[in-house]
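Architecture and fold: a report
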Amino acid sequence: MTLAYATERVAPSMGVRITGLNLERANSDMVGELRQQLNEHMVVAIGDQDLGEDQLHEFGLLWGDTLTHPTSVERKNPHVQVLASKNGTQGRGLGAWHSDMSWHPTPPWITMLHARTIPSFGGDTGYANQRRALELLDLATSDKRRSHRRGLPSRAEIEDLRANHTGKGFGEHVPDSIHPMVRTHNETNHQALYVNPEFTTHVVEVDQEESNRILWPLWLHSISQEFIYRHRWKTGDLVIWDNRSVMHTAILDYEEPRWMTRVVIKGDTPH
């Protein structure tokens, strides 16, 4: 089956926008093509979709088993999370870079986020290419012109290290998990950094002081501008991203209502 759709790259770092698809008619052939786009571009934005919660969940199930999130377990469909703000985000703090549910023993390999209501401006989402961050780590280590690169560990220093990720911010019952700091993509075999300032607490093989020495410069490096794509949402956008290769952050700079629905697809054990 040949699908007729258009693609447009959205940033040098990663990302592609797709037009001409109707996800209400999605099937295994369409998902196969989208999966190829995702493996190549890491972030895929599909415009002009009008999916209810059940339809979004059904589309997610074409990709694999869906996971629940601690904040959505009491919903009628706990596999669909609603991210909603009726009055903007003033006074609610700052967004933090993370890979979704990295504290889970089998964290989601992809996230799907659907824009139902968006502000007239603001409320973007930032994405950081962690494959590229790892590829350029040694180059950055040798470049001392920027202060955050001082003390930056080399790739060889971190390749065999593991880090603890915690979800305790969502409740004491939420598990912690230990994952490799360098993750291998189970489809492309590309490797990427797999630590984040939201959920990663420490490197398990070293003491806390050494852990801090490794993690803080690494986090700053991982969100260098060269690695980032900033998605400006349009109503009806469905954005799919690969948590094995990408970190993201919500940019909480809006003052108008914002309503998004989210589904995450269960991944494998990071290795």
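That block above? That's the structure.
For the structure given in this document, a descriptive report is provided here. Nothing here was measured: the structure is a model prediction, and the numbers come from that model. (Residues numbered from 1 in each chain as written. Predicted model: local features only at pLDDT ≥ 70, side-chain atom pairs only at ≥ 80, totals over all residues. Heavy atoms only, no water.)

Here we come to the overall build of the chain. When helices and strands are counted, the chain shows 6 helices and 16 strands. The C-alpha radius of gyration of the chain comes to 18 Å, within 12% of the 18 Å expected for a compact globule of 271 residues. In terms of overall dimensions, the chain has C-alpha extents of about 50 × 40 × 35 Å along its principal axes. Split into buried and exposed, the 271 residues of the chain put 53% on the buried side. Taking the contacts inside the chain whose residues are at least 6 apart along the sequence as the reference set, 79% of them involve residues at least 24 apart. Split by element, the accessible area of the chain, about 12800 Å² in all, is 48% carbon and sulfur. Treating the 28 positive side-chain charges of the chain as one cloud and the 35 negative ones as another, the clouds have centres 3 Å apart. (Helix = DSSP H or I, 4+ residues; strand = E, 2+ residues; numbered from the N terminus. Rg over C-alpha atoms; globule rule 2.2 N^0.38 Å. Buried < 20%, exposed > 50% of the residue type's maximum accessible area, 1.4 Å probe, protein only. Contact = heavy atoms within 4.5 Å. Areas by Shrake-Rupley, 256 points an atom, 1.4 Å probe, with all protein chains shown as cover. Lys, Arg positive; Asp, Glu negative; His and termini not counted. Charge placed at Lys NZ, Arg CZ, Asp CG, Glu CD.)

Below, the discussion takes up the pattern of salt bridges. In this structure the tally under the stated criterion is 16 salt bridges. The partner of Arg-116 in a salt bridge is Asp-50, with the nearest N and O atoms 3.1 Å apart. Placement of the pair is Arg-116 in strand S6 (residues 110-117) and Asp-50 in the loop between strand S3 (43-46) and helix H2 (53-61), with a sequence separation of 66 residues. Exposure remark for Asp-50: the relative accessible area of 51% places this residue in the exposed category. As a salt-bridge pair, Lys-168 and Asp-176 come within 3.1 Å of each other at their nearest N and O atoms. Judged by its relative accessible area of 36%, Asp-176 falls in the partly exposed class. Each of Arg-35, Glu-187, Asp-242 and Arg-244 takes part in salt bridges that share partners, so that together they form one network. (Salt bridge = Lys/Arg side-chain N within 4 Å of Asp/Glu carboxyl O.)

Moving on: the pairing of strand S14 (residues 238-242). Counted residue by residue, S14 has 5 buried out of 5 residues, so it is predominantly covered. Residue alternation in S14 divides its side chains into two sets, Leu-238, Ile-240 and Asp-242 and Val-239 and Trp-241, and both sets are buried. In the sheet, S6 pairs with S14 via 5 bridges, with the strands oriented antiparallel. The partner of Ile-110 across the bridge, within S14, is Asp-242. (Pairing = 2+ DSSP bridges.)

A separate point is unusual backbone geometry. You will see that Met-101, though not glycine, has its phi angle at about 50°, which is positive. If you check the backbone angles, Asn-189 has positive phi at about 70° while not being a glycine. As for its position among the elements, Asn-189 is in the loop between strand S10 (182-184) and strand S11 (191-193). Taking the relative accessible area as the measure of exposure, Asn-189 reaches 58% and is therefore exposed.

To continue, consider helix H1 (residues 28-41). Over its 14 residues, H1 extends 20 Å from the first C-alpha to the last, a length consistent with the 20 Å expected when each residue adds 1.5 Å. Its side-chain oxygen 3.1 Å from the backbone nitrogen of Asp-29, Asn-27 forms the N-cap of H1. Looking one or two residues beyond H1, the residue adopting positive phi is Met-42, at roughly 75°. (Expected span 1.5 Å × (residues − 1). Polar contact = N/O pair within 3.5 Å; in protein donor to acceptor, adjacent residues only side chain to side chain.)

What follows covers the packing of aromatic side chains. Applying the stated rule across the entire model yields 7 aromatic pairs. Summarising the aromatic geometry, the rings of Phe-59 and Trp-63 are spaced 6.1 Å apart at their centres and angled 75° between planes, so their arrangement reads as edge-to-face. An identical accessibility class is assigned to Phe-59 and Trp-63; each is buried. Taking the centre distance of 6.2 Å and the plane angle of 15° together, the rings of Tyr-127 and Tyr-229 count as stacked. (Phe/Tyr/Trp six-rings, centres within 6.5 Å; stacked < 30°, edge-to-face > 60°.)

With that settled, the discussion passes to the side chain of Asn-196. Structurally, Asn-196 can be placed in the loop between S11 and strand S12 (200-203). A polar contact is formed between the side chain of Asn-196 and the side chain of Ser-102, at a distance of 3.1 Å. At a separation of 2.8 Å, a polar atom in the side chain of Asn-196 contacts the main-chain amide nitrogen of Phe-199. Setting aside chain neighbours within four positions, we find Asn-196 in contact with Trp-97, His-98, Ser-99, Ser-102, His-165, Trp-219 and Met-247.

Counting 24 residues, the largest nonpolar core has Leu-34, Phe-59, Trp-63 and Ile-240 as its most contacted members. For this core, the secondary structure elements donating two or more residues are strand S2 (16-19), H1, S3, H2, S6, S14 and strand S16 (258-265). With 4 residues, the top contributor of residues to this core is H1. Contact partners of Leu-34, with chain neighbours within four places excluded, come to Ile-18, Leu-21, Leu-23, Ile-46, Phe-59 and Trp-63. In this structure, Met-181, Val-182, Ile-214 and Leu-215 belong to the second largest nonpolar core, which totals 18 residues. (Core = buried A, V, L, I, M, F, W, Y, C linked by side-chain atoms within 4.5 Å.)

Bear in mind that shape data such as this cannot, by itself, settle questions of function.
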